Every structure is written in C-alpha cells, then in structure tokens.
Amino acid sequence: MIHQLECPVETIIHVLGGKWKPMILWHLIQSNKRFNDLEKLIPDVSQKMLSQHLRDLEREGIIDRTVYPTVPPKVEYSLSEYGKTLIPVSEVMCAWGENHNKRNYEESAS
C-alpha cells in the first residue's frame with residue numbers, strides 16, 4: 001500500500017510533537033548536554049519520557065548521541081547537522097511565543 005505524503009505541518013508535529021521535544025531541542029541548540037543536564041534543565045520531565053524523546057529524536061536524525069569510552073560511560077547529546085536546520089524554526093517559534101505571551105499579558109492588564 002502506498003501512503004500519501006503527510007502535510008508538512010503534520011510532519012513537523014510528528015517529529016517534534018510532544019511536550020518535551022521542543023524543549024530538548026532548544027537546550028541542545030545552546031550546547032551539547034548530558035542526560036543529567038537535560039533532567040536539571042527540564043525538571044518536570046520523567047526519566048522514562050526524556051529517554052524516549054531522546055531516542056525518537058536520534059532515530060529521526062535530529063540529534064546525535066555520542067558515547068565516550070570512559071568508566072563510567074559518558075553519553076552526550078548534540079544537534080546533528082540535519083538537526084541544526086531546525087534552529088531557524090525554533091527561533092521563529094520562540095519569537096512567536098514571546099509575542100503571544102506579551103499579547104496575552106497586555107490584554108489581561110487592560
């Protein structure tokens with residue numbers, strides 16, 4: 001069976017959907033992070049959900065997972081070259097969110 005191509009908006013929602021994936025992406029744009037760093041930066045995410053989202057993003061080619069041969073093993077997550085193409089998208093989403101928050105604040109203040 002041939003599947004119809006998804007709408008591009010559906011595609012990005014599929015790849016970056018969920019409560020935590022955009023936040024993970026945002027933090028990895030800033031710098032490479034270890035799992036514990038991400039847990040501290042996103043305190044409400046469970047270990048299970050963080051692990052799942054990191055695996056999903058790795059499978060989609062958005063992030064790279066590097067394991068260093070140390071004892072104990074050191075694992076670091078970073079944006080892949082392909083993932084870096086999402087930086088402008090994230091910046092636009094951030095700007096929109098800031099404008100939306102400002103708009104809602106101004107409306108509630110009046």
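Residues numbered from 1 in each chain as written. Predicted model: local features only at pLDDT ≥ 70, side-chain atom pairs only at ≥ 80, totals over all residues. Heavy atoms only, no water.

## Examining the overall build of the protein chain
And step 1. The number of helices and strands found in the protein chain is five helices and three strands.
And step 2. Ordered by position from the N terminus, the helices and strands of the protein chain form the series α-α-β-α-α-β-β-α.
And step 3. Computed over its C-alpha atoms, the radius of gyration of the protein chain comes to 17 Å, more than 25% above the 13 Å expected for a compact globule of 110 residues.
And step 4. Considered along the principal axes of its C-alpha atoms, the protein chain spans approximately 60 × 45 × 25 Å.
And step 5. Classification of the 110 residues of the protein chain by burial places 26% in the buried group. (Helix = DSSP H or I, 4+ residues; strand = E, 2+ residues; numbered from the N terminus. Rg over C-alpha atoms; globule rule 2.2 N^0.38 Å. Buried < 20%, exposed > 50% of the residue type's maximum accessible area, 1.4 Å probe, protein only.)

## Observations concerning the pairing of strand β2 (residues 63–68)
And step 1. In terms of strand pairing, β2 meets strand β3 (residues 74–79) through six bridges, oriented antiparallel. Across the sheet, Ile 63 pairs through a bridge with Leu 79, a residue of β3.
And step 2. Joining the antiparallel neighbours β2 and β3 is a turn of five residues. (Pairing = 2+ DSSP bridges.)

## Topic: the packing of aromatic side chains
And step 1. On inspection of all chains with the given rule, the structure shows zero aromatic pairs.
And step 2. When the ring centre of Tyr 68 is taken as origin, the NZ or CZ atom of Lys 74, which lies over that ring, is 5.1 Å away. (Phe/Tyr/Trp six-rings, centres within 6.5 Å; stacked < 30°, edge-to-face > 60°. Lys NZ or Arg CZ within 6 Å of the ring centre and 35° of its normal.)

## Concerning the confidence of the model for the protein chain
And step 1. With 95% of its residues at a pLDDT of 70 or more, the protein chain shows a mean pLDDT of 91.
And step 2. Between the elements of the protein chain, mean pLDDT differs from a low of 87, seen in helix α1 (residues 8–16), to a high of 98, seen in strand β1 (residues 33–34). (pLDDT = per-residue confidence, 0-100.)

## Examining helix α2 (residues 21–30)
And step 1. Taken residue by residue, α2 has Lys 21, Ile 24, Leu 25, His 27 and Leu 28 as its buried positions. Viewed end-on, α2 has its buried residues packed into an arc of 165°, placing them on one side of the element. (Arc of directions from axis to C-beta.)

## Focus on the UniProt feature "domain: HTH hxlR-type" (unreviewed entry) in the protein chain
And step 1. Those places that UniProt annotates as "domain: HTH hxlR-type" (unreviewed entry) correspond, in this numbering, to residues 7–105.
And step 2. Secondary structure across residues 7–105 divides into 59% helix and 14% strand, with the first and last C-alpha atoms of the span separated by 33 Å. (UniProt positions renumbered as here; feature names shortened; annotations may be inferred.)

## Here we look at the layout of surface pockets
And step 1. Considered as a void within the structure, the largest pocket measures approximately 190 Å³ in volume.
And step 2. Residue lining of the largest pocket: Leu 16, Lys 19, Pro 22, Met 23, Leu 25, Trp 26, Ser 90, Met 93 and Cys 94, and that is the complete set.
And step 3. When residues of the lining of the largest pocket are traced back to their parent elements, those giving at least two are α2 and α5 (87–109).
And step 4. It is α2 that contributes the most residues to the lining of the largest pocket, four residues altogether.
And step 5. Residue classes in the lining of the largest pocket are distributed as seven nonpolar, one polar and one charged. (1 Å grid on protein atoms, 1.4 Å probe; cavity = no way out; pocket = protein on both sides within 12 Å on 5 of 7 lines; lining within 4 Å. Points joined across faces, edges and corners; volume = space filled by probe spheres on them. Nonpolar A, V, L, I, M, F, W, Y, C, P; charged D, E, K, R; others polar.)

## Some details on the side chain of Ser 90
And step 1. Residue placement: Ser 90 occurs in helix α5.
And step 2. Not counting the four nearest positions on each side in its chain, Ser 90 is found in contact with Leu 25, Trp 26 and Ile 29. (Contact = heavy atoms within 4.5 Å.)

## A short note on unusual backbone geometry
And step 1. The amide bond that connects Val 71 to the next residue, Pro 72, takes the cis arrangement and shows omega of -10°.
And step 2. Relative to the assigned elements, Pro 72 resides in the loop between β2 and β3.

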